[in-house]
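Here are the chains, one letter per residue:
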Amino acid sequence: MKKNLLKLVLRRFLISCLMIFLLIVAVFFMMHLLPGEPFQQYYSPRLGNELAEQIKSKFGFDRPVSVQLLKWMRNILSGDFGFSIVYQKPVIVLISESIIVTLSISLSSFILQILLTIPSGLFLLKHAGKKIDFIIDKLALIIYSAPSFVVAIVLIYFGSILTNLFPSSQLFSYNYYEMTTTQKFFDLMHHLILPILTLTITSMSFSIRYLRQNLIEASNQDFVVALRASGIPENILRKNHILPNALISYITILGLEIGSLLSKTLITEMVFSLPGIGRLMVDSIFSRDYPVIVACVMISSLMVIFGNLIADLLISRFNPKSSYELVS
Amino acid sequence: MKSKKLRIIFISYFSFLLFLTVININKIFAGINFIYLLFISVSFRLSLREIDFIQATFVLIALFVLSTIFLLVSFNILRLKFIERLINKMESINLEYFSGLILAFFMIIISLTAPVISDEPSFYKDVAITKLLPPFSKVNYVVRTNLKGSFTGLEEIKKKLFENEEKERRIYFTKIEFKDTLVIVHKNKLKETIHIKEIETVNNKPVIYSKIFFAGTDEFGRDMLSRIIHGVRISIFIGLLAVFISFLFGSVIGYSSGIIGGVVDVLLMRLVDFFLSFPILFLAIFLIAFVGNSIFLLIIVFGFSGWMYIARIARNESIACMKREFVQMLILAGQSKIKIITKHILPNTFSSILITLIFQMSNVVIAESGLSFLGLGVQPPTPTLGNIIKSGYENLSIAWWISFLSGIALITVIISFNLLAEGLKNYYHKK
């Protein structure tokens, strides 16, 4: 069994490495095949041809493609994504600044989602077939169908414009730098409540329905019926037998969600104008800041590959039956 | 009990469709007249809007006929066996499937007939008066007499239908005064004096028309209802075409990797994994950042960002189908491979692909509206739901209806496809 698991881990890891390699190559060729050189903005067309050639050779554009590719790969693997044209800063600095914001929203909503979904799934199982179950299920379907920006707008309208409880945008207040540390913390929290709520509501609408379905499926399994017939109280049955079985598939979904931690906040960041990675990317698209765009796409895709790896490992850990299928 | 409920939904749905066609009956007649005149005239060069209009007229006529027949049958006045059988079949399927089917059908009908059932979502002349009106607000107007002289035949109908000639002559006002032969029109703080001969009159009194904006207006004084209808139209148009592209691409790759197997399978599946590692929205944004954006580019981008799911499903389903006994038996019996694929594997695996396609449709609508909301998708003069919600978001503190109503429309579009897919899934699962 353990050997099998090790084989799977190794295999998945190698495939992920291959994917990362392919990703880097694909992005490189995309930048070179598309019309307009990505680094054209460094030199004006009014400059003489010689000077342009000089600048080109400084960036290494006169060398053969294979050399350029190798250099590009070495740079990216060492975390050097180049220099932002607009912000005049190394891209890696920009990214690391914005990743903190993005991760702080998405991780906290991720944890909140887990904390809220499991009890509510149990609640729904307890009331399965009743009116409240039906209502919550359909409500979750409606919210699941709503794009995150619609949810965000509704939250802003009721939480910020009508009642004036929460700020509708920005990361901190205008007098942030004059505050003490605890005040700073509460100010940040105050600003982050609506974005975190948005993300939590949108992701919960999916996970609640998913967990509910799995719980109902698990509660109809033969062993549960047998245990129920043998007189074990429903309460214990739910906690000790149905929930762990239903959680297996929920955990694999969580693994996939880890992969989308960086990419799912894109629209939420734009709505609340938070300086996260999604906003950095959209802003740099409007200002044609190619190195930043490429770095953003790379990092969020790496995160997805990483998340898929974690999901596979979780599947093989909790559901050994399907790990055989993954290996074969 | 259940069937009774469904029958009520059915009847109300078709009576609503009938109502939709009846309130546009004058436009339909004008459309028929236009088509007839076009037919007998020599020139056949049609603009895109004219083609849209003709198609919408035909759809509305068909809708009129069909919904009357359906209503007659469901009230037991007329007896047509095949429609009764259809209704009975509808009643045997689950509620989610039924409501999703009806909603999706309704959305598609709205998007097909948008040029007839709504006004052109363009500017209204008086921004000062029609700007940011809440839903159900009523605005009065008088109409200037046609100074350019009357037109004849095709030209007149064309002017009436496509060039909004009458709308340009409208004068919206908040208050009106009459002084002998002069008419003083108040527009908030502005005043305009017009001679009575300049506007349409009956018995020497100006005719005052009124227009109700059912969904209010936006910050440029445009009618929100027609903008939302056109937005739904564009969203569904992009969604359908993108899903079609991803269906073609994905099913070819998925079936070939499932049926051929071996090295081809491994390679194609790694390709699928590779494309799956890009988040859809990021892939679309990445392409748009380099190539620029237009509606057709968006369709292609969304088409190529969704094929992986379909390929995966097609592969898994076809492999599972190949392992089943009857296919194995057919292979042993010496049936030709092409016949097995077309007659047994494709029909048996199509249901799950259809479900994925419908889910994909709602995904594309979400992604498209998200991109338009960011300002990266379809550009502003063209109304899409994402654009409208964005303009509503900018005016959220003074006009809630813009983003709320268009948001409800967007949710309805997405939910209709989600319900349909989920219902289909349950339907086939039970089978």
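Think of each chain on its own: its residues are numbered from 1, step by step along the sequence as written. Just so you know, chain letters begin at A and ligand numbers begin at 1, following the order they were written in. Totals for whole chains, interfaces and linings use all residues, but because this is a predicted model, local features are given only for residues with pLDDT of at least 70 and pairs of side-chain atoms are given and counted only at 80 or more. Only hydrogens and water are removed before side-chain values are computed, so all heavy atoms of the structure are retained for them.

1. Some points on the overall build of chain B
Moving on, step 1. Only DSSP runs of H or I with at least four residues qualify as helices, and only runs of E with at least two residues qualify as strands; both kinds are numbered from the N terminus onward. A tally of regular secondary structure across chain B gives 17 helices and eight strands.
Moving on, step 2. Reported as C-alpha extents along the three principal axes, the dimensions of chain B are approximately 95 × 60 × 50 Å.
Moving on, step 3. Relative accessibility decides the category of a residue: with a 1.4 Å probe and only protein chains considered, values under 20% of the type maximum give buried, values over 50% give exposed, and everything between is partly exposed. The 431 residues of chain B split such that 51% are buried.
Moving on, step 4. Between two residues, a contact is recorded if the distance between any of their heavy atoms is within 4.5 Å. In chain B, once contacts between residues fewer than 6 apart in sequence are set aside, the share between residues at least 24 apart is 75%.
Moving on, step 5. Using a 1.4 Å probe, the Shrake-Rupley method yields the accessible areas, and only the shown protein chains count as cover for residues. Total accessible area on chain B stands at roughly 21400 Å², and carbon and sulfur atoms take up 66% of it.
Moving on, step 6. His residues and chain termini do not enter the charge count, which takes Lys and Arg as positive and Asp and Glu as negative. Every charge is mapped onto a representative atom, which is NZ of Lys, CZ of Arg, CG of Asp or CD of Glu. Computed over 45 positive and 29 negative side-chain charges, the separation of the two mean positions in chain B equals 7 Å.

2. Describing the pattern of salt bridges
Moving on, step 1. By convention in these notes, a salt bridge is any Lys or Arg side-chain nitrogen within 4 Å of a carboxyl oxygen on Asp or Glu. Summed over all chains, the structure comprises twelve salt bridges over all chains.
Moving on, step 2. Between Arg-222 of chain B and Asp-218 of chain B there is a salt bridge whose closest N-O contact spans 3.1 Å.
Moving on, step 3. Taken together, the shared-partner salt bridges in this structure form one network comprising Asp-133, Asp-137, Lys-138, Arg-209 and Arg-212 of chain A together with Glu-422 of chain B.

3. What to know about the sheet that holds strand β4 (residues 182-187) of chain B
All names here are of chain B.
Moving on, step 1. Spatially, β3-β4-β5 is the arrangement adopted by the three strands of the open sheet, whose pairing is antiparallel. Two strands bound the open sheet, and with one partner strand each, they are β3 (175-179) and β5 (190-195). Averaged over neighbouring strand pairs, the angle between their axes works out to 20° when direction is ignored.
Moving on, step 2. DSSP bridges decide pairing: two strands pair if at least two such bridges lie between them. Where β4 lies against β5, six bridges are found, and the strand directions are antiparallel. In the strand pairing of β5, Leu-182 is matched with His-195. Here the axes come from fitting lines to C-alpha atoms, over the contacting stretch only for helices, and the angles between their N-to-C directions go from 0 to 180 degrees.

4. Brief notes about a nonpolar patch on the surface
Residues and elements named next belong to chain B.
Moving on, step 1. Patches were defined on residues exceeding 30% relative accessible area and lacking a salt bridge, with like-charge contacts within 9 Å and nonpolar side-chain contacts (Val, Leu, Ile, Met, Phe, Trp, Tyr) within 5 Å. Side chains of Val-22, Ile-25, Phe-29, Ile-32, Phe-64 and Val-65 sit close together on the surface and give an oily, nonpolar patch of about 490 Å² of accessible area.
Moving on, step 2. Elements with a contribution of two residues or more to the nonpolar patch: α2 (25-40) and α3 (48-74).
Moving on, step 3. Following the sequence through the fold, Phe-29 ends up in helix α2.
Moving on, step 4. Look at Phe-29 and you get exposed, because its relative accessible area is 54%.

5. Here we look at the interface of chain B and chain A
Moving on, step 1. With 38 residues of chain B in contact, the opposing surface of chain A contributes 46 residues.
Moving on, step 2. Our count for the chain B to chain A interface comes out at one salt bridge.
Moving on, step 3. Of the charged contacts, one joins Glu-422 of chain B and Arg-209 of chain A as a salt bridge, the two residues approaching to 2.7 Å between their closest N and O atoms.
Moving on, step 4. Pairing of N or O atoms within 3.5 Å defines a polar contact, subject to two protein rules: one partner must be a possible hydrogen donor and the other a possible acceptor, and residues neighboring in sequence count only if both atoms are side-chain atoms. The interface formed by chain B and chain A contains three residue pairs in polar contact (both at pLDDT 80 or more).
Moving on, step 5. Among the secondary structure elements, those contributing two or more residues to the side of chain B that touches chain A are α11 (262-276), α12 (280-291), α15 (337-374), α16 (385-394) and α17 (400-430) of chain B.

6. Overview of the packing of α2 of chain B against α3 of chain B
Residues and elements named next belong to chain B.
Moving on, step 1. In contact at an axis separation of 10 Å, α2 and α3 are set at 120° when each is read in the N-to-C sense. When the interaxial angle is binned, α2 and α3 end up oblique. Helix-helix and strand crossings are classified by hand; for α2 and α3 the assignment is left-handed. Residues Lys-27, Ile-28, Gly-31, Ile-32, Phe-34, Ile-35 and Leu-38 of α2 form the contact with α3, whose own contacting residues are Glu-50, Phe-53, Ile-54, Thr-57, Phe-58, Leu-60 and Ile-61.
Moving on, step 2. A breakdown of the residues in the contact of α2 with α3 according to their chemical character gives ten nonpolar, two polar and two charged. Note on angle classes: values under 35 degrees are labelled roughly parallel, values over 145 roughly antiparallel, values of 65 to 115 roughly perpendicular, and the remainder oblique. Take the far helix as your reference; a near helix turned counterclockwise from it by less than a right angle gives a left-handed crossing, and one turned clockwise gives a right-handed crossing. Under the grouping applied here, Gly and all other residues not named as nonpolar or charged are polar, the nonpolar ones being Ala, Val, Leu, Ile, Met, Phe, Trp, Tyr, Cys and Pro and the charged ones Asp, Glu, Lys and Arg.

7. A word on the packing of aromatic side chains
Any pair of aromatic rings gets described here by the distance separating the centres and the angle formed by the planes.
Moving on, step 1. Whether two aromatic rings pair depends on their centres lying within 6.5 Å, for rings of Phe, Tyr and Trp, where Trp uses its six-membered ring; planes under 30 degrees apart make the pair stacked, over 60 edge-to-face, and the rest tilted. The full count for this structure, using the stated rule, is 26 aromatic pairs over all chains.
Moving on, step 2. Geometrically, the ring pair formed by Tyr-157 of chain A and Phe-404 of chain B is edge-to-face, given 5.0 Å between the ring centres and 70° between the ring planes. A residue pair is termed interchain when its members come from two chains, as with Tyr-157 of chain A in helix α6 (residues 148-162) and Phe-404 of chain B in helix α17.
Moving on, step 3. Its relative accessible area of 17% is what places Phe-404 of chain B among the buried residues.
Moving on, step 4. Here the aromatic residues Phe-10, Tyr-13, Phe-14, Phe-16, Phe-19, Phe-70, Phe-98 and Phe-106 of chain B are joined through ring pairs into a cluster of three or more.

8. A few points about the sheet that holds strand β2 (residues 170-173) of chain B
Residue and element names in this part refer to chain B.
Moving on, step 1. Overall, antiparallel pairing links the three strands, which are arranged β2-β1-β8 in an open sheet. One side of each edge strand has no neighbouring strand; the edge strands of this open sheet are β2 and β8 (209-213). On average, adjacent strands in this sheet sit at an angle of 40° to one another, irrespective of strand direction.
Moving on, step 2. Both strand β1 (residues 137-143) and β8 contribute to a ladder of five bridges, which runs antiparallel. Note that in β8 the partner of Tyr-141 across the bridge is Tyr-209.

9. A closer look at the nonpolar core
Side chains of a nonpolar character, in soluble globular proteins, are inclined to be buried together.
Moving on, step 1. Residues belong to one nonpolar core when they are buried, are Ala, Val, Leu, Ile, Met, Phe, Trp, Tyr or Cys, and are joined through side-chain atoms within 4.5 Å. If you look at the biggest cluster of nonpolar residues, it comprises 172 residues, and the most contacted ones within it are Trp-72 of chain A together with Val-232, Phe-302 and Leu-371 of chain B.
Moving on, step 2. Per-element accounting of this core gives the leading share, 14 residues, to α15 of chain B.
Moving on, step 3. Apart from the residues lying within four places of it in its own chain, the contact partners of Leu-371 of chain B are Leu-281, Ala-284, Ile-285, Ile-288, Leu-298, Phe-302, Leu-376 and Gly-377 of chain B.
Moving on, step 4. With nine residues, the next largest nonpolar core counts Ile-171, Ile-176, Ile-194 and Ile-196 of chain B among its residues.

10. Description of the domain arrangement of chain B
Moving on, step 1. Where a domain begins and ends is set by an automatic assignment or by a domain database. According to the domain assignment, chain B consists of domain 1 (3-92), domain 2 (137-213) and domain 3 (224-430).
Moving on, step 2. Summarising the inter-unit geometry, the C-alpha centres of domain 2 of chain B and domain 3 of chain B are found 48 Å apart.

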